[in-house]
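Residue-level structure breakdown
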Amino acid sequence: MKGPVTSTELPLVLVAMSGGVDSAVAAACLKEAGYPLLGVTMKLWTYEQVGGDPETREGRCCSLDTIAGARNSAERLDIPFYVMDMTEPFRRTVIDNFIEEYRAGRTPNPCVVCNNRIKWSALYERAKSVGAEKLATGHYARVRFNHDTGRHELWKGCDPRRDQSYVLYGLTQEQLSATIFPLGELMKDQVRAQARALALPVADVPESREICFITDDNYRRFLREQLPADDPARTPGDVVDESGRTVGRHEGYADFTVGQRRGLGLSLGTPYYVSSIDPQQRVVHVAPDRDLYADTARVEQVNWVSVAAPQRPLSATVKIRYLHPGERAEVWPEGDGAFTVRFASPQRALTPGQSAVFYDGDRVLGGGLVSHPA
Amino acid sequence: MSNSSLFLDYNSTTPLDPEVAEEMARRQGEAWGNPSSVHAEGRRARKLLEEARERTSTLLGCDPGELYFTSGGTESDNLALKGCYYGDPRKPRRVAVSAIEHSAVLGAAEDLRKQGADVVKIAADSGGVVTPQALEQALEGGACVAAVMATNNETGTMQPVKDLAAAAHAHGARFHCDAVQAMGKVPVDVRDWGVDFMALTAHKFYGPRGIGALYIRRGLPLAAQISGGGHERNRRAGTENVIGAYGLALALEKANRLRAGEEERLRGLSEPFIEALVAAVAGTHLHGDRTLRVANTVSCSFEGVEGEAVVVSLDLKGICVASGSACSSGATEPSHVLLAMGVPPQLAAGALRFSFGRTTRKDDLDRLLRELGPIVERLRSLSPAALEHS
């Protein structure tokens, strides 16, 4: 039986535990700091729902193994631990959105959606419902309060190779004010070392970087299973080159993402890549590498996380995908809530559906979704 | 405010009775031999095992030769259903299980369905009762075996076992009764009930974990589900848990001795508790027929409140209670029992189960009531549905 919560000045914190090393160490840091804690693993999906090869399942998020790993870490830290069933909201928001985005010819980032709609929404609500005032996760990012502006700000994690601020730009002021990122100041090596020092059972769990509910990392297989056979995204269509010439056929545009070369089955002498996807005509447009570069992008559904929405153009470093190094740019308000990003130099494969995130140094200004070119 | 741990989840398990533990320790020296061995040490263990069987069967009203030790309730339920189904292939390839059964029975039936059996569900009424009429309806066209539990683990509703067994027999079906939750709570007599199979497990009546039993009426064909040596008269292979069986016998003797007194005492606690709960918390819905409730179990939902949040909130205050049935990962899902009774899904998702035991006192229930009010109030003020749709 777990130790009862002791009376303390510090607020009760719900720490989201995935079964991995990061969230376990995050919990350990908070425990060390004296916070009363409860650990929660969210059950987000079931294998029946998402399919995939049973042999690849071991150790995936949401498997019984990883839930057991989180539970063992919580035991080790002597904090109460619960599994909360979020399969229904996760399906409704994250999985359905993932499928819809591919149907619309875009390439989604489900982690961004999950953070906004599940972790800092459904889970945060559960936190409040059990009397917890704060939500903590093992993300490598920082929250700082700016006394001059009176705003909570989102900053990159100190470990440049692990920074996860890119997937967190959608948080609101209220959400940030209730958020603790215990690993924000730490390097991954320090986190692993601390896990070993504390003998946490997850110290050597390999990390997951792919999409959690695509258990075999094969999103094409997933979409084929989830989409009805007569769905346009699964229906064959033309592959058209930059001159408008039909150069081949494809088995469904959901198999493609901008910048992709693999799977086109073309032999045109020079390498060709997907340059855009037209879901209405079911056409996959291809072009040589040099035609994949663009110096502007329209960004929609923008959330300004650390600053008020700017009325004038603003300089920023903009990342257009999770592992993108970032490029100098100007962000122009369009008046309709969208923004146009003008890059200092053209960027390859601006991909509709991916997030463009605006940085001022290590501080996240905001971000939104790259839309189809006009 | 006390934060000491308060356990109000005695339907999930019970602690080993100290007297039983002491007596088990005292006779452990006679129990370690292998009852299958030819030599003196084996015979000594065999003697204790058979003593346990005899004492237990006396309490159940059967012959020692009709009682088979297993690892617990789940194994006993599986052995009854599958053993009966495979043991008598001339019977109809149909199995009837009530909609309110424990997952051990439902899981065994599902296994049989995958092997080609026709599985039919016996409906429960809104009070959580499986009536003989409902059973008869399910048995039209015959069945190999029908299973209805004695008392439900979630609602505490007692079932008309005697009439159900008679109805099953009238339709040519064998009758299995999962009596796991009934032992120590209601009088149990297999002859009086007329059942063909009956499952029990020791840890629900202050006995040790990992030991249970299955009553199998003499002469019934049954196919063993664990193969190996000829243990338990060829019906359950595996070296016998001798000291466990002895502990089961001791615990059941004590449970039977205390039963009437505990029933009266817990009735005297739980009825006023229910009244106070309904008065204190607006929008409280009780589940299960109140006149057929075993004294230790109270099942209810609070309108607009998720059961899980209440369970976690109470746990953080040191009070252990249960919500809907737990699944393998520990996440809670709406109870199939309540859904089968026609409770709306939203209300079923909010279900809580309080189950009381030998150490439960009025002070404990007062404490539970004190903590519940503010928690339910907080949860209603948050109305979590609002943000989930944002």
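Definitions and limits used
- Residues numbered from 1 in each chain as written.
- Chains lettered and ligands numbered in written order.
- Predicted model: local features only at pLDDT ≥ 70, side-chain atom pairs only at ≥ 80, totals over all residues.
- Helix = DSSP H or I, 4+ residues; strand = E, 2+ residues; numbered from the N terminus.
- Rg over C-alpha atoms; globule rule 2.2 N^0.38 Å.
- Buried ≥ 20, exposed ≤ 12 C-beta atoms within 10 Å, placed from the backbone.
- Pairing = 2+ DSSP bridges.
- Contact = placed C-beta atoms within 7 Å.
- Axes fitted to C-alpha atoms, helices over the stretch in contact; angles between N-to-C directions.
- Domains from an automatic or database assignment.
- Nonpolar A, V, L, I, M, F, W, Y, C, P; charged D, E, K, R; others polar.

Details of the overall build of chain B
Looking only at helices and strands, chain B features 14 helices and twelve strands. The globule rule puts the C-alpha radius of gyration for 390 residues at 21 Å, and the 22 Å found for chain B is close to it. Expressed along its principal axes, the backbone C-alpha trace of chain B runs to roughly 70 × 55 × 40 Å. When each of the 390 residues of chain B is scored for burial, the buried share is 51%.

Topic: the sheet that holds strand β3 (residues 81-85) of chain A
Residues and elements named next belong to chain A. Strands sit in the order β3-β2-β1-β4-β7 across an open sheet of five strands; the sheet is parallel. Sheet topology places β3 and β7 (179-180) at the edges, where each strand pairs with a single neighbour. Summarising the sheet, strand β4 (residues 134-136) and β7 pair through two bridges and their orientation is parallel. Each bridged residue has a counterpart across the sheet, and for Ala136 the counterpart in β7 is Ile180. Contacting β1 (13-16), β2 (37-43), β3 and β4, helix α5 (residues 110-129) crosses the sheet at an angle of about 130° to β4.

A closer look at the domain arrangement of chain A
All names here are of chain A. For chain A, the assigned domains read domain 1 (13-197), domain 2 (232-291) and domain 3 (293-370). Taking the mean C-alpha position of each, domain 2 and domain 3 sit 26 Å from one another. Contacts between domain 2 and domain 3 engage four residues on the former and four residues on the latter. Grouping the constituent residues of the side of domain 2 that touches domain 3 by class yields one nonpolar, two polar and one charged.

A few points about the pairing of strand β8 (residues 212-216) of chain B
Residue and element names in this part refer to chain B. Among the five residues in β8, five count as buried, and that is most of the element. The alternating pattern of β8 places Gly212, Leu214 and Ile216 and Ala213 and Tyr215 on opposite faces, both of which are buried. In this structure, strand β2 (residues 67-70) lies alongside β8, joined through four bridges in antiparallel fashion. Counterpart to Tyr68 in the pairing with β8 is Leu214.

Concerning unusual backbone geometry
You will see that A:Arg282, though not glycine, has its phi angle at about 55°, which is positive. Locating A:Arg282 in the fold gives a position in the loop between β10 (272-278) and β11 (283-288). At B:Glu232, a position not held by glycine, the phi torsion is positive, near 45°. Relative to the elements of secondary structure, B:Glu232 occurs in helix α8 (residues 231-234). Using a count of 21 C-beta atoms within 10 Å as the deciding quantity, one classes B:Glu232 as buried.

Details of the sheet that holds strand β8 (residues 237-240) of chain A
Residue and element names in this part refer to chain A. Reading across the sheet, the four strands line up as β9-β8-β11-β10 and stay open at both edges, with mixed pairing between neighbours. What marks the edges here is a single partner per strand, and that holds for β9 (246-250) and β10. Recorded for the sheet is a direction-independent mean angle of 30° between the axes of neighbouring strands. Judged from the two bridges that link them, β8 and β11 form a sheet pairing that is parallel. Note that in β11 the partner of Val240 across the bridge is His285.

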